[in-house]
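# Fold and geometry: a report
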Amino acid sequence: QGRNLTVTGEYVWKSAHGYLPGNLFGEMYFYFAVAICYLVLLVWYSIRYSLYKDAAIPIFKWVMATIFIGFMECFFKSGDLWVWNVDGVRFWFSLYTGVLFGVMKRAISRVLIVMLCLGWGVTCDSLGSKFKAIVMLGLVYAGVSAARDIMTIISITENEILTHNQEEEILDVVTILAFVTAFIDVTFYLWIFDALNQTMQYLESMNQSRKLKRYLRLRLFLLLSVLFAVMWSVFGLVDSYNSQRMINEEENGWVLTAVWEVNYFVALMGLSCLWAPEAGAKEYAYVMELSTLGNDLEFDTTIVDSPDDDDDGSVDENDLDVNNGVQA
């Protein structure tokens, strides 16, 4: 017969690849790859900004800041998982810093899109009192979203310390914050598409074809992004009720979050291409485009007969005819 054996001390679970749980390896590699994509986009945008710095408008700085924050988010999140895999413990500074950068990225991007749809940098150089309202809504979104994400992390990472009642209370607060965040998101989306429609109607009425074309492309990017988000949400909801799930959360649950990151990056990349620094960007933004009447107009500034050429000082009525100065 065997004897009872008591073992005291610490035990460590480690796979051949490191301490990181096997279902998180894909997430670590994913954030590494996305961080590289953000870095490439940031370098490209920064080079163009430095080349055409004299023609830069304020919107370029907002776009570049959003790309930089997105890179920092992926850098710290991938760094947290990498340190966890090497040392076996979470790097809390990297974890929470990545979360905060993610909140900043989402808040600033929403504020940026609203300002673009209102025509900032295209039809106007200032938003007036609307700017304060947009920034305030962005700050409220950032605060609520940060509280939701941090409390969600605490409920997961501190489950060995928290009691069952404490964990339930935290999850209840997270649910309330999630509803508040969703409400602010809906407010942003309604504001975005309403402002976009008004700006496009204004450009169409003023015959600003080049600027209108840019906003048509922006609307296409936004509609495709929203359509993809809705389709992915429906897929996730239907898959959660399947007996055999296509995406198993225990094995590759990180894919559910990764798809949202990809959708965001593609939309940001499209916006960066539409508002990329270029020569004459300042003149293009603040100068009205002349509409054409049939063919291009050619203005002849020469005077046919100067009044000084007349001996009696009288002015011929034909000399002041506008049709003589404009040739179709």
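Residues numbered from 1 in each chain as written. Predicted model: local features only at pLDDT ≥ 70, side-chain atom pairs only at ≥ 80, totals over all residues. Heavy atoms only, no water.

## Quick word on the overall build of the protein
Secondary structure assignment for the protein yields nine helices and two strands. Listed by position from the N terminus, the elements making up the protein come as α-α-α-α-α-α-α-α-α-β-β. For the protein, the proportion of its 328 residues judged to be buried stands at 36%. Put simply, 76% of the contacts in the protein that link residues at least 6 apart link residues at least 24 apart. If you sum the accessible surface of the protein, you get close to 20700 Å²; carbon and sulfur atoms cover 61% of it. (Helix = DSSP H or I, 4+ residues; strand = E, 2+ residues; numbered from the N terminus. Buried < 20%, exposed > 50% of the residue type's maximum accessible area, 1.4 Å probe, protein only. Contact = heavy atoms within 4.5 Å. Areas by Shrake-Rupley, 256 points an atom, 1.4 Å probe, with all protein chains shown as cover.)

## A look at the packing of helix H6 (residues 209–240) against helix H8 (residues 254–274)
Packing of H6 against H8 brings their axes to within 10 Å, and their N-to-C directions diverge by 175°. With respect to H8, the axis of H6 lies roughly antiparallel. Seen from H6, the contacting residues are Arg214, Arg217, Leu218, Phe221, Ser225, Phe228, Ala229, Trp232 and Ser233; seen from H8, they are Val255, Leu256, Val259, Trp260, Asn263, Ala267, Gly270, Leu271 and Leu274. (Axes fitted to C-alpha atoms, helices over the stretch in contact; angles between N-to-C directions. Parallel < 35°, antiparallel > 145°, perpendicular 65-115°, else oblique.)

## Brief notes about the packing of aromatic side chains
Enumeration according to the criterion identifies 16 aromatic pairs in this entry. Ring geometry for phenylalanine 30 and tyrosine 31: centres 5.5 Å apart, planes at 65°, overall edge-to-face. By the burial criterion, phenylalanine 30 is buried, and tyrosine 31 matches it. With centroids separated by 5.8 Å and ring planes inclined at 85°, the aromatic side chains of tyrosine 215 and tryptophan 275 adopt a geometry described as edge-to-face. Here tryptophan 275 lies in the loop between H8 and helix H9 (281–286) and tyrosine 215 lies in helix H6, a separation of 60 residues in the sequence. The exposure class of tyrosine 215 is buried, given its relative accessible area of 0%. A relative accessible area of 1% places tryptophan 275 in the buried class. (Phe/Tyr/Trp six-rings, centres within 6.5 Å; stacked < 30°, edge-to-face > 60°.)

## Here's the deal with the environment of glycine 70
Locating glycine 70 in the fold gives a position in helix H2 (residues 58–87). Between the C-alpha atom of glycine 70 and that of leucine 268, which follows or precedes it by 198 residues, the distance is 9.8 Å. Apart from residues no more than four positions distant in its own chain, glycine 70 is found in contact with Tyr38 and Lys105.

## A few points about the side chain of arginine 106
Here arginine 106 lies in helix H3 (residues 92–117). Judged by relative accessible area, which is 19%, arginine 106 ranks as buried. Separated by 2.9 Å, the side chains of arginine 106 and aspartate 149 make a polar contact. In this structure arginine 106 touches Tyr141, Ser145, Arg148 and Asp149, once residues within four positions along its chain are discounted. (Polar contact = N/O pair within 3.5 Å; in protein donor to acceptor, adjacent residues only side chain to side chain.)

## Re the nonpolar core
Note on soluble globular proteins: their nonpolar side chains tend to be buried together. Core analysis: the largest hydrophobic core is formed by 65 residues, its most contacted members being Tyr38, Phe60, Leu218 and Trp275. Looking at this core, the elements that each hand over two or more residues are helix H1 (25–51), H2, H3, helix H4 (129–157), helix H5 (164–205), H6 and H8. Considering every element that reaches this core, the biggest residue donor is H2, with 12 residues. Setting aside residues no more than four positions away along its own chain, leucine 218 makes contact with Cys117, Leu196, Leu271, Leu274 and Trp275. (Core = buried A, V, L, I, M, F, W, Y, C linked by side-chain atoms within 4.5 Å.)

## A few points about the state of the cysteines
Summed over the entire model, instances satisfying the criterion amount to zero disulfides. No disulfide involves cysteine 37; its nearest neighbouring cysteine sulfur is the one of cysteine 74, lying 9.0 Å away. (Disulfide = S-S within 2.5 Å.)

## Observations regarding the confidence of the model for the protein
When pLDDT is averaged along the protein, the result is 80, and 83% of the positions lie at 70 or above. Model confidence for the protein, summarised as mean pLDDT per element, is weakest for strand S1 (residues 298–299) at 40 and strongest for H1 at 92. Taken as a whole, residues 292–315 scores under 50 in pLDDT and shows 13 contacts with residues more than four places along the chain or in a different chain. Ignoring residues within four places in sequence, the model shows residues 317–328, a span with pLDDT below 50, making 10 contacts including any to other chains. (pLDDT = per-residue confidence, 0-100.)

## Observations regarding the pattern of salt bridges
Tallied over the entire structure, the rule returns eight salt bridges. Notably, a salt bridge pairs arginine 90 with aspartate 80, separated by 2.6 Å at the nearest N-O pair. One end of the pair, arginine 90, is in the loop between H2 and H3; the other, aspartate 80, is in helix H2, and 10 residues separate them in sequence. Note on aspartate 80: relative accessible area 2%, which makes it buried. The partner of aspartate 149 in a salt bridge is arginine 106, and the shortest N-O contact between them spans 2.9 Å. (Salt bridge = Lys/Arg side-chain N within 4 Å of Asp/Glu carboxyl O.)

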